[in-house]
Amino acid sequence: MGLLDILLGRTKPVAPDLDQLFALPSAAVTLQAAAGFTPTGCGAVCFATVEGGAFEQTHREVQALLDADTDRTGPPVELRRDDYGYSWLVSRRSPDQLPQLVNDLHAVNDSLEINGFGPQLLCSLAGFTNDTGRRLALVYLYKRGTFYPFAPLPGAERRDTALELQLKAVLGNDLRIEQDLGRWFPVWGAPGL
């Protein structure tokens, strides 16, 4: 970054650090102890919709890679589109297999990045729930290299901001938390949540 960039207030974007995803299992222990949320075994990677043969080939490669896991039952990755036009690659594991789910999310992100689809990657999430059925996602922002909690309230599209801020404080030692709250985007209807 040069002097002109500093004077004009321009900053370099943070390079994605997919290895941050591997912090999720330890954060899950903290999350369970502090707030009673446990993994659902479901996670997803979101990206801007891509059409064409190159993406189809990448999707088949990811599917084959994750199919090679002999501990998996059922389809490893499901491609879904949401109401907002974004695509999601969804992985399902048993709730006690969070490390394996994280490996799946990392593999999907890495495969898309290696095959030239990095600019389309938006976020990844891992789902959690508590004893009362409340849902929560820990969302990884690909382009920022940070996490934030997303706690939708049952019913209408509203979120539990107080819980999200509480979890920000709780998880600060385990995850690189996004400090700009304006980037805590709601992921309404996200598959895997």
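Further up the page is the structure itself.
This one's a predicted model, so the numbers in the text were calculated from it and none came from an experiment.

This next bit is on the pairing of strand β5 (residues 135-141). Judged by how many residues are buried, β5 sits mostly within the fold: 6 of 7 residues are covered. The pairing of strand β4 (residues 121-129) with β5 spans 7 bridges and is classified as antiparallel. Of the residues in β5, the one forming a bridge with F128 is L136. Sheet topology places β5 next to strand β6 (residues 146-150); 5 bridges connect them, and they run antiparallel.

A few words now on the environment of T132. For T132, the position within the fold is in the loop between β4 and β5. For T132, a relative accessible area of 67% gives the class exposed. A sequence separation of 95 residues divides T132 from F37, and the C-alpha atoms of the two residues are 9.8 Å apart. Within the structure, the side chain of T132 is placed 2.8 Å from the side chain of N130, a separation counted as a polar contact.

Looking along a regular strand, one sees the side chains alternate between the two faces of the sheet. Where strand β2 (residues 77-81) and strand β3 (residues 86-92) come together, 5 bridges link them in antiparallel fashion. Residue pairing in the sheet places V77 in a bridge with S91 of β3. Taking the residues between adjacent antiparallel strands as the criterion, β2 and β3 are bridged by 4 residues, where G85 takes a positive phi near 90°.

Turning next to the pattern of salt bridges. Scanning the entire structure with this criterion turns up 8 salt bridges. Across the salt bridge formed by D17 and R176, the nearest N and O atoms sit 3.8 Å from each other. Here D17, found in the loop between α1 (3-8) and α2 (24-35), pairs with R176, found in the segment after α5 (161-171); they are 159 residues apart in sequence, far enough to count as distant. Linking E164 and R159 is a salt bridge whose minimum nitrogen-to-oxygen distance equals 3.1 Å. Under the relative-accessibility criterion, E164 is labelled buried at 2%. Owing to a relative accessible area of 22%, R159 belongs among the partly exposed residues under this scheme. Several salt bridges share partner residues, and in doing so they unite E78, R80 and R92 into one network.

Cut-offs used in this document
- Residues numbered from 1 in each chain as written.
- Predicted model: local features only at pLDDT ≥ 70, side-chain atom pairs only at ≥ 80, totals over all residues.
- Heavy atoms only, no water.
- Buried < 20%, exposed > 50% of the residue type's maximum accessible area, 1.4 Å probe, protein only.
- Helix = DSSP H or I, 4+ residues; strand = E, 2+ residues; numbered from the N terminus.
- Pairing = 2+ DSSP bridges.
- Polar contact = N/O pair within 3.5 Å; in protein donor to acceptor, adjacent residues only side chain to side chain.
- Salt bridge = Lys/Arg side-chain N within 4 Å of Asp/Glu carboxyl O.

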